[in-house]
Amino acid sequence: MATQTTASCTGSTLLQPISEIINLPLDQVNFVACQLFALLMAVWFRIYLHPSKTSPFIRHVVATLLGFYLALFCFGWYSLHFLVQSGLSYGVMVFAGLEHMHKYCFIVTLGYLILCQITRVYVFDYGMYSADFTGPMMVITQKITSMVFEIHDGKSSVKVSVFKVRMPSLLEYLSYNCNFMGILAGPTCSYNDYMAFIEGTCYQPRHQENANGKENGKHKQSEPSPKNGVISKLCTCAISLFIYLSLCKLLPVEHSIDDDFVNSTPFHLQIVYLYLAMLALRPKYYFVWTLADAINNAAGFGFNGYNLDGSPRWDLISNLRILDIEFATSFKMFLDNWNIQTALWLKRVCYERCPINPTAATFLLSAMWHGVYPGYYLTFLTGIAMTMAARAVRHNIRPYFMVSHSYKCIYDVITWAWTQVAISYTVVPFVLLAVGPSLKFYRSWYFCLHLLCLLVVLALPVKPRRRQAQEQQESLQKDSVQDKQTGHNSTDNNCNQKDKDT
């Protein structure tokens with residue numbers, strides 16, 4: 001396999017002529033070609049290496065070897081970092097005690113990722129926008145830490161019935177981390193879900209129940225086909241890629257800090273331009289994540305039960321919901337539907353476990369995981385302020401608009417506009433990467449949204465979520481005791497309490 005020595009691509013140069021013809025970086029051409037190859041291999045894998053035809057061992061071996069080949073094709077010798085990271089963490093799993101295994105694995109895995117990111121950014125090629133070898137390592141980091149937390153929780157708590165408690169073999173471990181379906185773009189997934197897919201048991205608990213949780217004989221006899229789901233997602237990929245290639249050069253985010261543009265353009269038009277620039281940028285992520293989801297589905301991975309109409313759902317590991325993103329009416333709603341698997345990972349390993357200020361800790365972990373560019377930290381620090389302000393507005397202002405349908409529509413329109421502006425404002429440093437351009441942008445906006453968030457948080461204080469949950473639980477318990485004393489039905493009172501909280 002030939003390799004290119006330039007910083008822009010360390011993988012195969014086989015597709016160099018195509019890269020020159022279409023005028024795209026070679027590493028991006030390699031990435032798309034490998035994902036299309038993985039899509040074909042996924043169909044072959046589901047048909048010819050179906051669990052009914054071959055053993056889990058063979059499926060693990062083939063999935064792992066194909067994954068290693070794609071990694072070598074895209075990243076050359078840099079793909080050895082995937083094995084080093086996985087090997088170090090597996091060693092910790094084997095030799096560390098159960099009580100602290102998850103902590104040590106988390107530190108080792110994330111630490112090695114950050115070390116590689118520092119080396120890539122500050123030693124080799126600062127500001128490289130195209131594909132890089134730390135991208136797959138980010139997903140491997142998620143997978144390793146998710147798995148060790150599952151093992152720890154399963155063996156040390158009442159969750160033992162939910163989580164798989166045995167240690168994975170080395171082959172199972174490498175297959176989970178480096179399989180061809182997710183080695184390049186993920187998404188991350190539960191170790192239990194992946195093992196159920198390999199062993200062919202992923203359909204059993206789901207295809208015998210309908211949306212109401214009752215047995216549904218209509219779907220018992222045949223395994224659901226991912227064909228319609230895959231075709232739909234490939235169409236989404238094509239549309240997203242067309243939009244991105246058509247608009248990305250017409251609406252660059254960097255233009256928003258151009259001196260001539262800032263000095264000659266009214267502020268309200270600068271806001272409109274920034275929104276359109278971010279709107280043109282997002283389809284790149286839609287393309288990459290939807291294609292990755294389609295690849296997993298084509299292999300038979302991702303089944304998540306049935307819709308009310310009986311059609312199969314293939315969104316178990318989906319990473320986004322495009323319409324919910326574009327029409328989000330709150331900062332939280334946007335984040336909940338963007339990079340979904342990463343959000344779930346952050347929630348499992350940080351938010352639910354951090355005893356002090358889990359929101360700030362989660363945003364900080366997200367910044368560290370994304371990389372070492374200063375722009376990432378500026379974005380996620382701004383995200384903390386935006387989240388706190390949005391939470392305060394929702395708790396204090398929203399109830400006044402819930403009195404009628406027309407008022408609610410007005411509230412939704414206003415919050416949609418503010419959400420899109422807030423997201424665009426927050427994400428600019430993430431795109432610009434460096435401190436200088438990022439601060440130049442914020443100065444051109446006079447740090448207006450930072451100051452607005454500060455004023456909102458100070459003027460509209462909100463109780464911490466854990467305190468709210470604790471008070472709600474205490475209230476429910478109190479109502480339950482009163483129900484027993486008065487002979488009333490506790491279920492009715494609980495429902496009334498939930499209505500009040502809503």
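The name an unreviewed UniProt entry assigns to the protein chain is Membrane bound O-acyltransferase domain containing 2a, from the organism Mastacembelus armatus. As stated in UniProt under Subcellular location (unreviewed entry), the record for the protein chain gives "Endoplasmic reticulum membrane".

We now examine the nonpolar core. Grouped together as the largest cluster of nonpolar side chains are 84 residues, with contacts concentrated most on Phe-82, Met-93, Phe-180, Ile-183, Tyr-194, Phe-197 and Leu-365. Residue contacts for Leu-365: discarding those within four places in its chain leaves Phe-106, Leu-110, Trp-345, Leu-346, Val-349 and Cys-350. Counting 35 residues, the second largest nonpolar core, distinct from the first, contains Tyr-244, Phe-261, Ile-325 and Phe-334.

Together, Ile-18, Ile-21, Ile-22, Leu-24, Leu-241 and Leu-245 line one region of the surface with nonpolar side chains, adding up to about 530 Å² of accessible area. Put simply, the parts of the chain that give the nonpolar patch at least two residues each are helix 1 (16-22) and helix 9 (227-247). Among the elements that make up the nonpolar patch, the one with the highest residue count is helix 1 (3 residues). Along the chain, Leu-245 turns up in helix 9. Owing to a relative accessible area of 45%, Leu-245 belongs among the partly exposed residues under this scheme.

The next thing to look at is the packing of helix 4 (residues 80-95) against helix 5 (residues 98-124). Where helix 4 meets helix 5, the closest approach of the two axes is 9 Å, and the angle between their N-to-C directions is 160 degrees. Here helix 4 is positioned roughly antiparallel relative to helix 5, judged by the angle of their axes. Classified by chirality, the crossing of helix 5 by helix 4 is right-handed. Facing His-81, Val-84, Gln-85, Leu-88, Ser-89, Val-92 and Met-93 of helix 4, the residues of helix 5 in contact are Met-101, Tyr-104, Cys-105, Val-108, Thr-109, Tyr-112, Leu-113 and Cys-116. Residues belonging to the contact of helix 4 with helix 5 are distributed by class as follows: 11 nonpolar, 4 polar and no charged.

Here we take up the UniProt feature "transmembrane region" (unreviewed entry) in the protein chain. In the numbering adopted here, UniProt assigns the feature "transmembrane region" (unreviewed entry) to residues 29-49, 61-81, 101-123, 375-393, 413-432 and 444-462. Structurally, residues 29-49 is divided into 95% helix and 0% strand, and its ends, taken at the C-alpha atoms, are 28 Å apart. Helix makes up 100% of residues 413-432 and strand 0%, and the two end C-alpha atoms of the span are 29 Å apart.

Time to look at the pattern of salt bridges. One pass over the full model with this rule turns up 8 salt bridges. Two residues, Lys-440 and Asp-259, come together in a salt bridge whose shortest N-O distance is 3.1 Å. Here Asp-259 lies in helix 10 (residues 259-264) and Lys-440 lies in helix 18 (residues 435-444), a separation of 181 residues in the sequence. For Arg-313, the salt bridge is made with Asp-315, and the minimal N-O distance between the two is 3.1 Å. The class for Arg-313 is partly exposed, based on a relative accessible area of 29%.

Let's shift gears to the environment of Asp-293. For Asp-293, the location among the structural elements is in helix 11 (residues 267-298). What makes Asp-293 buried here is its relative accessible area of 4%. Along the chain, Asp-293 and Leu-234 lie 59 residues apart, while their C-alpha atoms are 9.6 Å from each other.

Definitions and cut-offs
Residues numbered from 1 in each chain as written. Predicted model: local features only at pLDDT ≥ 70, side-chain atom pairs only at ≥ 80, totals over all residues. Heavy atoms only, no water. UniProt positions renumbered as here; feature names shortened; annotations may be inferred. Core = buried A, V, L, I, M, F, W, Y, C linked by side-chain atoms within 4.5 Å. Buried < 20%, exposed > 50% of the residue type's maximum accessible area, 1.4 Å probe, protein only. Contact = heavy atoms within 4.5 Å. Patch = residues over 30% accessible without salt bridge, like charges linked within 9 Å, V, L, I, M, F, W, Y side chains within 5 Å. Areas by Shrake-Rupley, 256 points an atom, 1.4 Å probe, with all protein chains shown as cover. Salt bridge = Lys/Arg side-chain N within 4 Å of Asp/Glu carboxyl O. Helix = DSSP H or I, 4+ residues; strand = E, 2+ residues; numbered from the N terminus. Axes fitted to C-alpha atoms, helices over the stretch in contact; angles between N-to-C directions. Parallel < 35°, antiparallel > 145°, perpendicular 65-115°, else oblique. Left-handed = near helix turned anticlockwise from the far one by under 90°. Nonpolar A, V, L, I, M, F, W, Y, C, P; charged D, E, K, R; others polar.

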